[in-house]
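Structural overview for review
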Amino acid sequence: MIPFTLLFSGLFSIGEAEGISLMESEIAQVSNSKTTYGIDSINHAQTDTTSKIRELDEVLVIDQAEMIRREESNSIQLLKQDFIRENRGGSLMNSLERVPGISMIGIGSGASKPLIRGLGFNQVMVVENGIKHEGQQWGADHGLEVDQYAADQIMIIKGPSSFKYGSDAIAGVIDIREKLPPTEDGFGGSIEVGYRSNNAWFGGSANLFARKNKWFAEGRVTLADYGDFKVPTDSVFVYDFGVVLHQGQVRNSAGKELDFSVRAGYLGKHFRNTFSVSSVSTKSGFFANAHGLEPRQVDTELHDRSSRDIMLPFQEVRHTKVINKSNYAVGNSFIQLDLGYQRNDRKEWSQYVNHGYMPASYPSEMLYPSDLERAFDKEVFSFNLKDELFLDTHEIAFGASGEYQHNDIGGWGFLIPAFQQYSYGFYAIDKFKFSPIWQLTAALRYDHSRIDVEEYQDWFPSVDDASQVRESDYLYRAEEFQRDFNSLIWSVGFNFTPGDLILKGNLGTSFRMPIAKELAANGVNYHYFRYELGNADLSPERSLQFDLGAELKKEKWLVSFSPFVNYFSNYIYLNPTARLDILYGAGNQVFNYTQAEVLRYGAELSVIHQLTEKLSFEFVGEYVYSEQKSGAKRGYTLPFSPPPSGILNATYKPSYKGVFSNPYVAVDFRITADQSDVVPPEKVTPSYQLVNLRVGSGITVLQQQIQVDAQVQNLFNTLYLNHTSFYRLINLPEAGRNITLSLSYQF
Amino acid sequence: MIFLLTACGEEEKPAIDLEYPEIIDTENTFPVQCSIVERGGKIQFKALFRDNVELGGYSLDIHHNFDHHTHSTEVNDCNQNPIKTAVDPMLFIQTYTIPTGLAEYEAEAEIDVPSDIDPGDYHFMIRLTDKEGWQTIQGISIKIE
């Protein structure tokens, strides 16, 4: 174990100091125990192996990146703080866009949600500090409520991982971890500040920590404030409706964010417990000239007076999390229990506009203010329990997880009904190392979930003539109903690691329970002018996936290739029909949830060549193809299919001594092909090329080191459309040139 | 894996329709941007619809625009009356079918305009679908006097 770890940390010794120091202290501990000879030594060695792996599992130390990649049979990408810092965007997910296989559904400059190999929403699970992040994942205009400065390391699993994470991990997982607890007694902290020129963003984060003996405490505050983002054009056409943009600013896309978190814990030799409370609050405007896809006439003079004010329409979200994590190491067993509570409180504010049969004037006796269009209030209680056993050649994990959700709705608009939901699952995973270079993994999981949907009745009658209203004219948008789902899935994988080569594969099934919107939507989504109709009879989405991963490290080359084939027997799909509905749909086109067979395949490729000690080249590319094999849209792709794209990179790291430490200069040339494989209501998106620059260094000032990073994104101020952007359907281009600067200081 | 990919590629992929249906202006088209209709009269709706494969259906929707929100897909706006509060505005929503199998269709409909409604700026929306679910929306600003 020790030589292994040493070897790998030697190969990948580019990590953070804390990772290394943790490793060293561990190694010291292991060495100490080795001095005791005799019968006990076997037991000792075993305990130490356990604690070593415990560290690996609990806190993902990136120095062991290669080890994790060798031991997990899924396609895994590990990102550490340096990557996040050097690629920092307006939101955490923006910072990940460079990773092959990852793309974004962006909404404005401060919010985005991830797509893994072209799948997103509830098909991608985001996990923060061990607990599944529960927001309103189904909404294309809803970002992810995560403090990007608190994220220290990110593990991205591309491909289904339901067997380990449960429902929703059908397309992959983004597992975000915060910093390790301090390893030594003392006091410290960090300050980061940043600026982004495009939307005049300024923000930063401050963090303090302390440790005394086995106790530690930590706190963080993050602030951000930004103005309207700029696009390289002075007018856009929302449908055919021309909108003049004042100085290229996307009217009312400003926003702000305030996050805080506190954490305290006990770190014993065998028992550890950490308690944390965090809150992320954001307020951000929607493009005023198009609420959703509806062109709006707005008071441009009022809006253009300041590029920093947030007027209607805007969204406000507050996400609170309380997490308790404990683990206990005994003998060759390692037990973990995570308990979580979270609340996602979202409000969408917009002027009352009567659509369809809504009354022309907002009635004064209504429960909600006239500008509260929609509100969602979700509370989630969850737990994960896991016991890992480290045997000679087997590593066996048993786990159980459960969740209870309570969802309320509010506002004058209706999209999804209120619902309650609970679920539980059990799983077992066995990793069998039957030779030093071969490992097999097998997993089995059972899940049960129940959803209780509440009824919803319109507050207005659906009649042309308001003087002749009957009770039945107040339509029921949702009937009360209950559904139960069961699911049994399996997965098998192998890892073959002879020398410089890592070869791995995985074959498995995955599942996802239908969500309330898919089961019970029954209303007009005025963001898209469509009448969305749920289907209470949907069955859980199932997928069968085969993926391979190959990584070869030879002298100055590192090549990795990860192809996959994926088949859904019943992909849940919102199908646009030819029908228009007069009553429930107020004359809008009917989109109904159906299930179709879907075949997907694709690959990511990454090639790194270290030309000289200072100069390296890199190519990363991604390709995904999706096709519906049955149903009304047979032959069509899936919505939000990312076009093929690649990045050519050159990085130069001069070896200065003195004021500068670890300086770097990097150029990214991104080439994205056109996306002509579309499905109604999407549009063909043309290809584009972008150049991004990154430069940075540690700088010693007054014997203190400050890390300085700068980026120029979209260097040539290129006008382009992103196929997976929320505003793509109204032809709003992406942000123009953006210069970012960030400073960070640790003490 | 490669075999599997090749196998998938060789299978005959059904031809897919990527074109939106069209709402075509002709000399008979009514209403057009800034058309004026009278209370107590009728709107004689006429439009030409066309699709490369097969048309689906259409709906018409008339709602007030006293608050100057806009669905208009026409660039020029008509001389709008000042913003006012609606008392008893006209509301009309109707869905129409198009006979199956048609790639071109001359749509006609007659809409009564009640005499007791608020006069002012209104939106006249046409939503047209084709068989595959592509939708074209056209919003026209009209005045009811």
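Residues numbered from 1 in each chain as written. Chains lettered and ligands numbered in written order. Predicted model: local features only at pLDDT ≥ 70, side-chain atom pairs only at ≥ 80, totals over all residues. Heavy atoms only, no water.

Describing the overall build of chain A
The line we're drawing: Put simply, DSSP marks the helices as runs of H or I at least four residues long and the strands as runs of E at least two long, and each gets a number from the N terminus on. Buried residues are those whose accessible area, probed at 1.4 Å on protein chains only, stays under 20% of the maximum for their type, while exposed residues exceed 50% and partly exposed ones sit between those limits. Note on contacts: a residue pair qualifies if any of its non-hydrogen atoms lie within 4.5 Å across the two residues. The protein chains shown are the only cover counted for residues, whose accessible areas, like all others here, come from Shrake-Rupley with a 1.4 Å probe.
Each helix and strand in chain A was counted, giving 9 helices and 37 strands. Per-residue burial over chain A gives 60% buried out of 747 residues. Within chain A, counting contacts between residues at least 6 apart in sequence, those at least 24 apart form 68% of the total. For chain A, the accessible area works out to roughly 28900 Å², and carbon and sulfur atoms hold 60% of it.

Considerations on the nonpolar core
To keep things clear, this is the line we draw: Buried residues of nine kinds, namely Ala, Val, Leu, Ile, Met, Phe, Trp, Tyr and Cys, make up a nonpolar core once their side-chain atoms join them within 4.5 Å.
Of all hydrophobic cores here, the largest spans 30 residues; its most connected members are L92, L96, I154, I156, I174 and I176 of chain A. For this core, the secondary-structure elements that each account for two or more residues are helix 5 (81–86), helix 6 (92–95), strand 2 (102–107), strand 4 (124–128), strand 6 (153–158), strand 7 (172–177) and strand 30 (557–581) of chain A. Ranked by residues supplied to this core, first place goes to strand 30 of chain A with 3 residues. When sequence neighbours within four positions are dropped, the list of residues in contact with I176 of chain A reads L92, M93, V126, V127, E128, N129, V146, A151, Q153 and I154 of chain A. Within the second largest apolar cluster, 29 residues are counted, among which are F66, Y96, A109 and I140 of chain B.

Comments concerning the sheet that holds strand 6 (residues 104–112) of chain B
All names here are of chain B. We apply this condition: One bridge is not enough; two strands pair if DSSP finds at least two bridges between them. Throughout, an axis means a line fitted to C-alpha atoms (over the contacting stretch in the case of helices), and angles, computed between N-to-C directions, take values from 0 to 180 degrees.
Judged by pairing direction, the sheet is antiparallel, and its 3 strands sit side by side in the order 1-3-6 without closing on themselves. Edge positions in the sheet fall to strand 1 (22–24) and strand 6, since each has one partner strand and no second. Strand-to-strand, the axes of this sheet are offset by a mean angle of 35°, without reference to chain direction. One ladder, built from 9 bridges, connects strand 3 (residues 42–50) with strand 6; its direction is antiparallel. Among the inter-strand pairings, A47 is bridged to a residue of strand 6, identified as A107.

Topic: the interface of chain B and chain A
Applied cut-off: Using a 1.4 Å probe, buried area is obtained as the accessible area two parts lose upon being combined, added over both of them. Salt bridges are defined as contacts in which a side-chain nitrogen from Lys or Arg sits within 4 Å of a carboxyl oxygen from Asp or Glu. Throughout this description, a polar contact denotes any pair of N or O atoms lying within 3.5 Å of each other; where both atoms belong to protein, one of them has to be capable of donating a hydrogen while the other can accept it, and for residues adjacent in sequence the pair is counted only when both atoms sit in side chains.
Counting residues at the interface gives 44 residues for chain B and 54 residues for chain A. Both faces combined, the contact of chain B with chain A buries some 3800 Å², and carbon together with sulfur accounts for 59% of it. The tally of links between chain B and chain A comes to 0 salt bridges. Counting the contacts that link chain B with chain A gives 9 residue pairs in polar contact (both at pLDDT 80 or more). Those elements that place two or more of their residues in the side of chain B that touches chain A are helix 1 (2–10), strand 4 (55–64), strand 5 (92–97), strand 7 (120–130) and strand 8 (135–144) of chain B. Looking at which element gives the most residues to the side of chain B that touches chain A, the answer is strand 4 of chain B, with 6 residues.

A closer look at the pattern of salt bridges
Residues and elements named next belong to chain A. Inspection of the entire model under this criterion finds 40 salt bridges over all chains. The partner of R98 in a salt bridge is E618, with the nearest N and O atoms 3.2 Å apart. Taken together, the residues span a long stretch of sequence, with R98 in the loop between helix 6 and strand 2 and E618 in strand 32 (residues 615–628) at a distance of 520 residues. Its relative accessible area of 12% is what places R98 among the buried residues. Note on E618: relative accessible area 19%, which makes it buried. The residue K517 makes a salt bridge to E532 at a minimum N-O spacing of 3.0 Å. Of the two residues, K517 is situated in helix 9 (residues 516–520) and E532 in strand 28 (residues 530–533); the sequence distance between them amounts to 15 residues. Judged by relative accessible area, which is 7%, K517 ranks as buried.

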